[in-house]
Amino acid sequence: MEVDIDGSFSYAEPQSDAKDSAEKRPKPLKVEEEQLLRAFYEFKIQDVCDAFKFPRKIQATALIYFKRFYLQWSVMEHHPKNIMLTCIYAACKAEENHVSAEELGKGIEQDHHVILNNEMLVLQSLGFDLIVYAPYRALEGFVSDMEEFRGANDDDQYEMLKRMLEAARMEADKIMRTEAPLLFPPGQLALAALRRANVVHGILDFERYLRSILSRQQSTQTISELTVSLNTIDSLICKLEAPPTSKDVKHIDRKLKSCLDPGSHDKSKKRKHRSKESSTEVQDLS
């Protein structure tokens with residue numbers, strides 16, 4: 001028996017019951033499993049935005065909302081599928097490309113009430129700080145600047161820069177799935193994407209171009225400091241693995257559901273127990 005400060009008392013539960021409850025409690029996800037699940041739904045954000053033909057800015061905003069949300073929460077507290085949809089919905093609003101929750105839910109065959117029910121939670125978790133700066137506009141600005149830097153004056157050179165811009169956009173898409181958007185400003189993200197694209201297309205001496213930018217802006221940052229930042233972003237892209245498939249996360253998703261709803265774990269056990277009993281009865285009858 002345990003006596004509390006207010007004079008009330010309670011009986012401690014038998015050790016066997018505590019042991020049984022610990023066995024019944026579903027196991028939490030490992031850190032690696034959480035990371036894999038988040039990576040899967042980050043890729044899904046890009047997938048959904050492509051399906052709706054949303055501008056890249058909306059895709060980038062939704063991804064950063066999603067990343068920032070899970071700086072505060074675990075996937076074991078809020079299922080990433082629901083948060084993913086709400087982040088896309090909020091990004092459409094913030095970027096003035098409004099799509100109704102009903103239209104978004106219908107387009108991907110999901111209940112739109114899930115989006116609306118999580119909207120305030122997402123906005124509060126973001127501290128209502130909804131302005132996001134993505135690297136895509138900076139990419140276009142740098143490519144225009146490269147035209148002057150190279151003295152591009154014919155169609156072939158313009159076409160080369162156009163191909164480089166498109167390649168850089170694809171590199172920026174990869175960058176947005178890393179942690180780099182939370183660590184570096186959009187201008188550096190854009191330069192990192194352009195540098196990777198330039199490795200393939202070989203249009204200009206990129207280090208000389210970086211020196212030119214710093215001298216014209218009279219920046220206090222040195223070329224070595226800027227290069228370190230770009231190298232770090234580059235290493236984050238190199239570590240980026242192929243997008244997880246539904247098959248990869250199927251087991252994790254089942255485990256997650258039992259964490260979000262522990263009762264479902266017991267129900268599934270009961271169903272298995274019943275099925276075993278019924279199969280035993282059938283064998284006895286036979």
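Only a predicted model underlies this, so the values are computations on that prediction, with no experimental measurement involved. (Residues numbered from 1 in each chain as written. Predicted model: local features only at pLDDT ≥ 70, side-chain atom pairs only at ≥ 80, totals over all residues. Heavy atoms only, no water.)

### Here we look at the environment of Ser-74
This is how the line gets drawn: A run of H or I in DSSP becomes a helix once it reaches four residues, and a run of E becomes a strand once it reaches two; helices and strands are each numbered from the N terminus. Two N or O atoms count as a polar contact when they lie within 3.5 Å, although within protein this holds only if one can serve as hydrogen donor and the other as acceptor, and sequence-adjacent residues are included solely when both atoms are side-chain atoms.
Assignment of secondary structure puts Ser-74 in the loop between helix H3 (56-72) and helix H4 (80-94). In this structure, the C-alpha to C-alpha distance between Ser-74 and Arg-38, residues 36 residues apart in sequence, is 9.9 Å. A polar side-chain atom of Ser-74 sits 3.0 Å from the main-chain amide nitrogen of Met-76.

### Describing the environment of Pro-80
Formally: Between buried and exposed lies partly exposed: a residue is buried under 20% and exposed over 50% of the maximum accessible area for its type, with that area taken using a 1.4 Å probe on protein chains only. Between two residues, a contact is recorded if the distance between any of their heavy atoms is within 4.5 Å.
Tracing the sequence through the fold places Pro-80 in helix H4. Take Pro-80: its relative accessible area is 0%, and that puts it in the buried class. Separated by 43 residues in the primary sequence, Pro-80 and Leu-37 have C-alpha atoms spaced 7.7 Å apart. If sequence neighbours within four positions are ignored, Pro-80 has contacts with Leu-37, Tyr-41, Phe-66, Tyr-70, Val-75 and Leu-256.

### Comments concerning the environment of Met-84
Along the polypeptide, Met-84 turns up in helix H4. Residues in contact with Met-84, not counting those within four places in the same chain, are Tyr-41, Lys-44, Ile-45 and Phe-66.

### What to know about the confidence of the model for the protein chain
Using the following cut-off: pLDDT: the predictor's confidence for each residue, scored from 0 to 100.
Averaged over every residue, the pLDDT of the protein chain is 82; the share at 70 or more is 81%. Per-residue pLDDT stays below 50 along residues 264-273; that stretch engages in 6 contacts with residues further than four places along the chain or on separate chains. Predicted confidence is poor over residues 275-279, with pLDDT under 50, and the contacts of this stretch with residues over four places away or in other chains come to 0 contacts.

### Topic: the nonpolar core
Here is the rule we go by: By nonpolar core we mean a set of buried residues, namely Ala, Val, Leu, Ile, Met, Phe, Trp, Tyr and Cys, connected to one another through side-chain atoms within 4.5 Å. Note that the domain bounds were set by an automatic or database domain assignment.
Ile-88, Leu-139, Leu-191 and Leu-194 are the most contacted members of the largest nonpolar core, which totals 73 residues. Mapped onto the domain boundaries, this core takes at least three residues apiece from domain 1 (29-124) and domain 2 (133-237).

### So, the side chain of Glu-171
If you trace the backbone, Glu-171 turns up in helix H8 (residues 155-175). In this structure Glu-171 comes out as buried when scored by relative accessible area, which is 13%. Of the polar contacts made by the side chain of Glu-171, one reaches the side chain of Arg-196; its length is 2.7 Å.

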